[in-house]
Amino acid sequence: MQAGALDFRNRSGVLDALDGASFDLLVIGGGVTGAGIARDAAMRGLSVALVEARDFAAGTSSRSSKMIHGGLRYMAQGDLGLVQEAASERKAVEAIAPHLTRMTPFVIPAKNAAAIAKLRTGLWAFEKLGGVPKGRQHEVWSRKDVETREPAIDASDLTGAVAYPEYLTEDAKLTLANVRAAVAYGATVVSYAPVSEILVENGKAVGVVLDDTLNGETARARITARVIVNAAGPWVDRLRGLEDGAAKPRLMLSKGVHLVVDQARLPVSRTIIMGARDKRSVFAVPKGRFTYIGTTDTFYPEDHTWPVIDRDDIDYLLEATNKRFSIAPLGDADIVAAWSGVRPLVGQEGKSASEISRKDEVWTGPAGILAIAGGKLTAYRRMAERVVDTVEELIGRKPTASLTATTPLPGGDLDVEAVTSTLSATMPKLEAERLVALYGSEAPLAAGGPEAETRHAVTVEGALKLEDVWVRRSNRAWFDDKGSKAALPVMGAEMATLLNWSPDRTASEIKACLDIRADSLSALNTTTAST
Ligand code: FAD
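Residues numbered from 1 in each chain as written. Predicted model: local features only at pLDDT ≥ 70, side-chain atom pairs only at ≥ 80, totals over all residues. Heavy atoms only, no water.

Draft legend 1. Structural context of helix H8 (residues 236-243). Every buried residue belonging to H8 is among Val236, Asp237, Leu239, Arg240 and Glu243, and all of these are buried. Summarising the axial view, the buried residues of H8 lie within an arc of 160°, below the 170-degree limit, and thus occupy one face. Its buried side turned inward, H8 meets strand E1 (22-28), strand E8 (195-201), strand E10 (217-230), strand E11 (251-262), strand E17 (361-364) and strand E18 (370-373). (Buried < 20%, exposed > 50% of the residue type's maximum accessible area, 1.4 Å probe, protein only. Helix = DSSP H or I, 4+ residues; strand = E, 2+ residues; numbered from the N terminus. Arc of directions from axis to C-beta. Contact = heavy atoms within 4.5 Å.)

Draft legend 2. Structural detail: the side chain of glutamate 166. Along the chain, the position of glutamate 166 falls in strand E6 (residues 160-168). A polar contact of 3.1 Å, which involves the side chain of glutamate 166, links it to the side chain of arginine 90. (Polar contact = N/O pair within 3.5 Å; in protein donor to acceptor, adjacent residues only side chain to side chain.)

Draft legend 3. Geometry of the packing of aromatic side chains. Throughout the structure, instances matching the rule amount to eight aromatic pairs. Plain terms: the ring middles of phenylalanine 8 and phenylalanine 56 are 6.3 Å apart, the flat faces sit at 35° to each other, and that makes the pair tilted. Highlighted residues: phenylalanine 8 in the segment before helix H1 (11-18) and phenylalanine 56 in the loop between strand E2 (48-51) and strand E3 (67-68), separated in sequence by 48 residues. Residue phenylalanine 8 shares its accessibility class with phenylalanine 56, and that shared class is buried. Ring-pair connections join several aromatic residues into one group, and the members of that group are Phe290, Tyr292, Trp339, Trp478 and Phe479. A cation sits over an aromatic face here: arginine 54 above tryptophan 235, 4.5 Å from the ring centre. (Phe/Tyr/Trp six-rings, centres within 6.5 Å; stacked < 30°, edge-to-face > 60°. Lys NZ or Arg CZ within 6 Å of the ring centre and 35° of its normal.)

Draft legend 4. Local environment of the site of the ligand. Taken together, the neighbourhood of the ligand is formed by 37 residues, with Thr33, Glu52, Ser61, Met67 and Thr378 sitting nearest. Between an oxygen atom of the ligand and a main-chain N or O atom of valine 32, the distance comes to 3.2 Å. The backbone of alanine 53 places a nitrogen or oxygen atom 3.1 Å from a nitrogen atom of the ligand. Those elements that provide at least two residues to the shell around the ligand are helix H2 (32-43), E11 and strand E16 (335-346). (Near = heavy atom within 4 Å.)

Draft legend 5. Quick peek at the domain arrangement of the chain. Domain boundaries in the chain define domain 1 (11-61 + 172-250 + 355-394), domain 2 (96-168 + 252-346) and domain 3 (448-520). Computed over C-alpha atoms only, the centres of domain 2 and domain 3 are separated by 30 Å. At the junction of the two partners, domain 2 supplies 11 residues and domain 3 supplies 11 residues. For the pair domain 2 and domain 3, the two sides together bury roughly 1,000 Å², of which 63% comes from carbon and sulfur. Of all residues in domain 2, Phe290, Trp306 and Trp339 bury the most surface against domain 3, accounting for 43% of the area lost on that side. Counting across the interface, domain 2 meets domain 3 through two salt bridges. The residue arginine 289 makes a salt bridge to aspartate 480 at a minimum N-O spacing of 3.9 Å. Summed over the shared surface of domain 2 and domain 3, the number is three residue pairs in polar contact (both at pLDDT 80 or more). Secondary-structure elements contributing two or more residues to the side of domain 2 that touches domain 3 are strand E14 (290-294) and E16. In terms of residue class, the side of domain 2 that touches domain 3 is built from nine nonpolar, no polar and two charged. (Domains from an automatic or database assignment. Buried area = accessible area lost by both parts, 1.4 Å probe. Salt bridge = Lys/Arg side-chain N within 4 Å of Asp/Glu carboxyl O. Nonpolar A, V, L, I, M, F, W, Y, C, P; charged D, E, K, R; others polar.)

Here's what the structure looks like:
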């Protein structure tokens, strides 16, 4: 059996076992923050429950730009602590999950020598602060270099560019790997089980009530815990409201949109930074047969699961792309998929969405619940370490050492090149790379097309709905032909076999995926869009 295998085909057994159970730590929210905390705490020997309202990573942790940043951007904001933390965390994630850290250079085009000099000064400091080794330091490109190395760029207004290494990840898989690692160390986890009530005794939160949204049952289980952590991302304030009806909102949500086009339409081999109309930097990222463009950063007052992608989001990204590249201009017909998410930022009066610090904050509510928000996927492990130190203190233990920086995550015990090359003997190299990036050392188990990926998703990765496989396990929702219209029925049929679905249930699961896709593309001009 695979380490921390998640198979929820006995889900009612899991809920029965949870009902009435008591833990050292209960974590609310199975995004990367909650999953990281659950893993760290379980590895330190605490008894842990992790409860998730939808699927693991169904919130912000599957909607990011998928970058494990070195933190150059924080350098410009003068936040040196964040730069250092981001750079050292990048190394840690690479050590425990090499398949989830794909090194891809970032290229910043520069219009004159002064711009190059400024970028170099920043990068030298950044490299020193982050302990970046020699072979991975930035390089300066001439205009000729830009033209030969990234020929799609319109270099007519450039003096050259600066290129430096960064890492790309699979956000949902990083989250899931942490959930599974927590399970491998004894944690109990459950999805589609939102906390609907906080149990308070003598002014102290002692437990929660869970619903079961998969079967429409309310008050399905009661759990008690010595410490409760609210890691509900954009929904942190809602949970704080359950603890304290008078709690004032602390979060400001900021929406980010990404568009996906075929690689042939935007052929880049590195991440290219582009200037947007409001002077923000946006980027085009190569990913297998596709390139994605992102991202926007605008306040969004709703905590929608699927934030609305509007016309202005699309125009903003296409405009910046068409300005930087000499390709035939991209239009609606080129957009093959789009996704959006909201950043759970901690509000700072008077600042624009992109100016608000990405530093995490932890608060203790009136009934003692620890709430955490505001950080980055990149620094999730370090954030978890700090929270679990506090948890240990709260239960009367001296904080013990965190073991999360060196122990591989499930799927992370591999030589990426060796596994990719073995798989490439039986399939196209791009498909082998896609599988290794998603499944790491388990890639051979998920090889064999959408059917095999679905089986792996249900029997090892805890998928319960078709959306779980399509969006978060196989990444096909955004990186497959036409949103994998052809693969969806195959995946649906496999899930029906594994989970005993009726034909009606299977059809409604497929429809739910198609609806998500249609909604995400609804702002496109439908007479030209390639849906
Ligand atoms: P979430 O992932 O949202 O998890 C919270 C979970 O709590 C959800 O799964 C939700 O369903 C669950 N929940 C809610 N209510 C309840 C309840 N009542 N009971 C139980 N569970 C509940 N960071 C980077 O490092 N690199 C990037 O490139 C990057 N790009 C980004 C781009 C965009 C557009 C966005 C929006 C964010 C980006 N980030 C990036 C930030 C990063 O994605 C977030 O910081 C991180 O994913 C937040 O994780 P989280 O676990 O706190 O929240």
